[in-house]
Amino acid sequence: MGITTSNHLLRRLKQILDIYKESMELRKQHNESRSEALPTNVILVGHSMGGFVARAVVVHPGLRKGAVETVLTLSSPHRSPPLAVQPSFGNFFSRVNNAWIRGYESAKESEAPLSKTVVVSITGGAHDYQVRSRMSSLDGIVPPTHGLTVATSGMVKIWMSMEHQSILWCNQMVVQVGHTLLQLIDRRTGQQYTSPHVRLAIFVSNFRSALPQTFNLLPHRNKLSPYTQPYRKVSEKAISAKDVGLDTNVVSKAQVQVSTKSGFQPMKSTQFACPQKIHWVGDMFDDIHIKQPIMNVLSMDGKRRWMDIEELGRKGRDKHAWFVLVTNLSPCVGMRVHLWPEKSRSGDMAASERVVEVTKKMVQLPSGPTPPQIEPGGPGEQASPSGVLQLSPSELSGFRYLTVSVAPTPTLVGSIPPTVTMAVAHFFDPDQGKTSLSTTWLLASLYKRQFLWLWEYHPMVWQVSVAVSLSTLPITLDVKIVSCGVKTEGLAKEHPEPEDILKLCKARCFPPVALVWDPPYGLDVYPNLTTQVIVVDSSPPTWGSTYGSEHSTILLLADPHCVYDIGVSVSLITSASRFLLVNGLQIVGLCIAVVLFALMRQARAWEVDNSVPSFLACMEANFMLPVPFLAVTLGPILVYFSIVDFGSERRPTLSSFLGVSLACYLFANGTLALLAYLCNAVLSLAHSAYTWYISRWPPRHDQWTKRVLKSCGTALLNIQVVRKLRTWPMTTLGIGISVLVLFGHPSLGLLVLLVVHTWRCFWSLVSLRQQLCPTLISKKEDSPLLPSNGNSLSDGFNAKPLLFSDGESHSEIFYHQQGLLILHLVVMIILVPSLVAWAQRLGLEWTTPALLDSTSSLAAILHGLYNINVDINISLVKVPRLYGPPAPDAGLSFIYLLAGSYCFWAGLALAPYRAFYALGLVGITIAGIRIRDSQARGRGRRHFHRH
């Protein structure tokens, strides 16, 4: 389907460019003097799978070079399919991604086929349950010099996670994307900017927030991080602020983010200055000298507040404090911040040429709703901050004073002043505002809520380091204001209630804001924090998803005047749902591995002349210590971890990967155990119904139903075609299944195979219960439905295994058939989404499955058709003698071990579709062994049970 869609898009791109060419030629005929530029390329914007199809078209051999140089995707999977269960789909993703990787590889960057192509991937975040952020990441596919991955929760002017469909119609998203795409056009030429670094700089300045740079959240030593990988510096000749439609400060901010290592410039006096067109009426201010490290602004009073950096910012002999300012006033319009090397006598900024303005370094915060009034006519709650400014000691070095100038209300032009004015500045020591939450501490919150306290005059920026990613253990934060240093002597009530104190505190302290940073995921902001579940859409225990750290960081912006009681608890329901969502593909691959390991146990029991155990007994035996657990559980995990260590992708830590992989393996075992119990319950219920029917209406030789069935069966058997097909029941069944798989859907063939497995399991159970309790059912010869001889109606389903010859017992046949039933039932469940999509397309067109899907599924079905009995005799590997008598050679059990290990590794690689390759190889091997044994049938059986 992906190849067909990409070919269709390729034809449409050619038609679009031809239409522009024809239209321009037509306009030239009517107005020859008018000169227009012919569009040479197209910008592709794709949602979901449309984004990946757009990337597939770019590397299509039929596309003209340079026809597509900019691709913008919205919640599109890039690294792997959302449901990686079809081999053809996974192979298509691999081929396209490999073509993109090769497209950027060249000795010279300008000679690479994709050297001018820029790709931007916008992910939906934690609320997108269809395409997770890791699937939308371009890391490892597109180099950081040409690609950008950003989540909607960290995008400027959006600040929220979105569902998979709402990302299309969200007004904030539409406006932001539309304005950005318009800025990609050069006004002088009417075409896109030819430099990919210029286009990427425009995307960075419009999409990515500067909050991570402001609070130093980005890793500095990790070269693999797309956030720290240096871009090439944008030349001033290639782009200017006037051409792009941005002001100089925005472009300079983008250039700082994409500058090279040697391109960093020291802060200039005009780099972060406000535009000259913004001015206030009157330049004279009333000066206020702040003597405390905390400064408050509660109104637009037109005053300038002076803070002595040396006096307030020194925290020790050789230690200086950081400065942070949060406000709801607009930078430049409502507030300005300057750094002074010295205080002039006149107090005028023009008196000193070394004054540096840093107002434009203020970064936008998502502001919450307008606070309500506590009482009619009374003061309202404190406003939510909309901007934050942080200056490091190195940025404050060389300056003596810092001034915060607030515009007067009457002079504010072009904007309505906020109803509640708020600004709080603080010189603080970041080392005093750090807290670490260990994994043990978080797990203890499952049983009892844990608490953190922020006392009065605490640092305004409180950093909480979480030892585990918030994608693995989402937490619930409950922030409550306890007090704010209000003295009760001056209140109207002599003995005020706690509610009265709380109202005053809400009017004095601004609502807390939480900035959540997770290296693989990015930024998430929670304004007006009260009670909130903190969760990020990350998957750190997988390859290529970590950028130097698996720890999440929470920055809490809280008013230093107030005392906060913060309750912390792990959200168990959210943790479980996120675990299944993030690791679903891994669990699917491990489920197939668990079934194959159980079949390995049954095959090994036959090889050593023991009774074939049940499916549940095999699963339990694989958890026994030390050898089984190390061989089929811990061993494959460690081997996979060691092999991938030699790859190019960055790997997670062994502890996190081992813990998550074991948790997925345990969940897969639990799911299959539940499925096995459900199958047993259904078969037992069917057996009980059959027993009740036989006991209520015992079969008689003169029963009219028997006579009717016999006459119909005789008439059917007299047909020549049926008579010939009856001699080859398995061949007939295989041909029918092949037709369904090749011309319909693989699930249809598996459905027929499941019916056959269910039929055999049922009659095996009937025979087993009859052997154990012969009084419950009448004799075999009294029941025409029991497969007692070659003339029974069950011969169409090959009743040979129910004769129990050559030492096979009733229980062995039932347990073996149950294992095959569960294996193919799991495969059928995996293909259900593909079957639903195929059924939806039937109304439009009839499509045949891909050749890779049909052949791999057909080879896997051979496993169920030819592995009817467990009596396969083959010797492949010598089993070493550890103790006791020599062990028999391993045959079919060794094949199951290899197939199970491969499926195990496919699950760990988040590519469960590769399990079809192992199942197909097993099916072909067993079919070959059966054909070999049928040709040598005259030599007799070489192996049988002796119990």
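The rules behind each value
Residues numbered from 1 in each chain as written. Predicted model: local features only at pLDDT ≥ 70, side-chain atom pairs only at ≥ 80, totals over all residues. Heavy atoms only, no water. Helix = DSSP H or I, 4+ residues; strand = E, 2+ residues; numbered from the N terminus. Buried < 20%, exposed > 50% of the residue type's maximum accessible area, 1.4 Å probe, protein only. Polar contact = N/O pair within 3.5 Å; in protein donor to acceptor, adjacent residues only side chain to side chain. Contact = heavy atoms within 4.5 Å. Axes fitted to C-alpha atoms, helices over the stretch in contact; angles between N-to-C directions. Parallel < 35°, antiparallel > 145°, perpendicular 65-115°, else oblique. Left-handed = near helix turned anticlockwise from the far one by under 90°. Nonpolar A, V, L, I, M, F, W, Y, C, P; charged D, E, K, R; others polar. Phe/Tyr/Trp six-rings, centres within 6.5 Å; stacked < 30°, edge-to-face > 60°. Lys NZ or Arg CZ within 6 Å of the ring centre and 35° of its normal. Pairing = 2+ DSSP bridges. Salt bridge = Lys/Arg side-chain N within 4 Å of Asp/Glu carboxyl O. Disulfide = S-S within 2.5 Å. UniProt positions renumbered as here; feature names shortened; annotations may be inferred.

(A) Representation of the side chain of Asp853 in the model. Its location among the elements puts Asp853 in helix H25 (residues 851-866). A residue is classified by how much of its surface remains accessible, and Asp853, at 5% relative accessible area, is buried. Within polar-contact distance, the side chain of Asp853 engages the side chain of Ser88 at 2.5 Å. In this structure Asp853 touches Gln86, Pro87, Ser88 and Pro746, once residues within four positions along its chain are discounted.

(B) Representation of the packing of helix H15 (residues 584-607) against helix H18 (residues 654-696) within the structure. Running from amino to carboxyl end, H15 crosses H18 at an angle of 60 degrees, the nearest separation of the two axes being 8 Å. Here H18 runs oblique to H15, going by the angle between their axes. Remark: the crossing between H15 and H18 carries right-handed chirality. Residues Gln586, Ile587, Leu590, Cys591, Val594, Val595 and Phe597 of H15 form the contact with H18, whose own contacting residues are Ser661, Cys664, Tyr665, Phe667, Ala668, Asn669 and Leu672. Within the contact of H15 with H18, the residues separate by chemical class into 11 nonpolar, 3 polar and no charged.

(C) The arrangement of the packing of aromatic side chains in detail. Taken as a whole and assessed by the stated rule, the structure comprises 18 aromatic pairs. Ring geometry for Phe623 and Phe629: centres 6.4 Å apart, planes at 35 degrees, overall tilted. Of the residues examined, Phe623 reaches a relative accessible area of 27% and is grouped as partly exposed. An angle of 70 degrees between the planes, with centres 5.7 Å apart, marks the rings of Trp759 and Trp763 as edge-to-face. Taken together, the residues Trp759 and Trp763, both in helix H22 (residues 746-772) and 4 residues apart, mark about one turn of the helix. Owing to a relative accessible area of 3%, Trp763 belongs among the buried residues under this scheme. Over the aromatic face of Trp100 sits the side chain of Arg55, whose NZ or CZ is 5.3 Å from the ring centroid. Lying over the aromatic face of Phe272, Lys361 brings its terminal NZ or CZ to 4.8 Å of the ring centre.

(D) Quick peek at the sheet that holds strand S5 (residues 286-290). The strand order across the open sheet built from 5 strands is S5-S7-S13-S9-S10, with neighbouring strands paired in mixed fashion. What marks the edges here is a single partner per strand, and that holds for S5 and strand S10 (356-357). Both strand S9 (residues 335-340) and S10 contribute to a ladder of 2 bridges, which runs antiparallel. Its bridge partner being in S10, His338 is matched across the sheet by Glu357.

(E) Looking closely at the pattern of salt bridges. For the coordinates displayed, the defined rule picks out 11 salt bridges. Arg199 is the salt-bridge partner of Glu69, the closest N and O atoms lying 3.8 Å from each other. One end of the pair, Glu69, is in the loop between helix H2 (49-58) and strand S2 (70-74); the other, Arg199, is in helix H6 (residues 196-207), with 130 residues separating them in the sequence. Classification of Arg199 by relative accessible area gives buried; the value is 0%. Arg188 serves as the salt-bridge partner of Asp186, at 3.3 Å between the closest nitrogen and oxygen. Put simply, Arg449, Asp478 and Lys480 are held in one network by salt bridges that share partners.

(F) Broad picture of unusual backbone geometry. Within the chain, Cys332 stands out as a residue other than glycine whose phi angle is a positive 75 degrees. Phi at Leu910 is positive, roughly 60 degrees, even though this residue is not glycine. Among the structural elements, Leu910 can be located in the loop between helix H26 (892-908) and helix H27 (915-935). By relative accessible area, which is 13% here, Leu910 ends up buried.

(G) Local environment of the state of the cysteines. Inspection of every chain in the model, using the stated rule, returns 3 disulfides. Each disulfide pairs two cysteine sulfurs, and for Cys274 the partner residue is Cys332, the sulfurs being separated by 2.0 Å. Note on the Cys274 and Cys332 pair: the S-S dihedral is about -90 degrees, so by sign convention the disulfide is left-handed. With a gap of 58 residues between them, Cys274 in the loop between helix H9 (248-257) and S5 and Cys332 in the loop between strand S8 (322-327) and S9 connect regions that are remote in the sequence.

(H) A look at the packing of helix H21 (residues 729-743) against H25. One way to put it is that H21 packs onto H25 with a least axis distance of 10 Å and a crossing angle of 155 degrees. By the angle between their axes, H21 is roughly antiparallel relative to H25. The chirality of how H21 crosses H25 is right-handed. Judged by residue contacts, Met730, Leu733, Gly734, Ile737, Ser738, Val741 and Leu742 of H21 engage Ser854, Ser857, Leu858, Ile861 and Leu865 from H25. Grouping the amino acids of the contact of H21 with H25 by side-chain chemistry returns 8 nonpolar, 4 polar and no charged.

(I) Seen up close, the UniProt feature "transmembrane region" (unreviewed entry) in the protein. Listed under "transmembrane region" (unreviewed entry) in the UniProt record, and renumbered for this structure, are residues 579-600, 621-643, 655-678, 733-759, 819-839, 890-909 and 915-932. Spanning residues 655-678, this segment combines 100% helix with 0% strand, and its end C-alpha atoms are found 34 Å apart. Span residues 890-909 is 85% helix and 0% strand, its end C-alpha atoms 28 Å apart.

(J) Representation of the pairing of strand S22 (residues 552-557) within the structure. By the criterion of burial, S22 is predominantly enclosed, with 6 of the 6 residues buried. Residues Ser552, Ile554 and Leu556 line one face of S22 and the alternating positions Thr553, Leu555 and Leu557 line the opposite face, and both faces are buried. Relative to S22, strand S19 (residues 513-518) runs antiparallel, the two being bridged by 5 bridges. Opposite Leu515, over in S22, you have Leu555 as the bridge partner.

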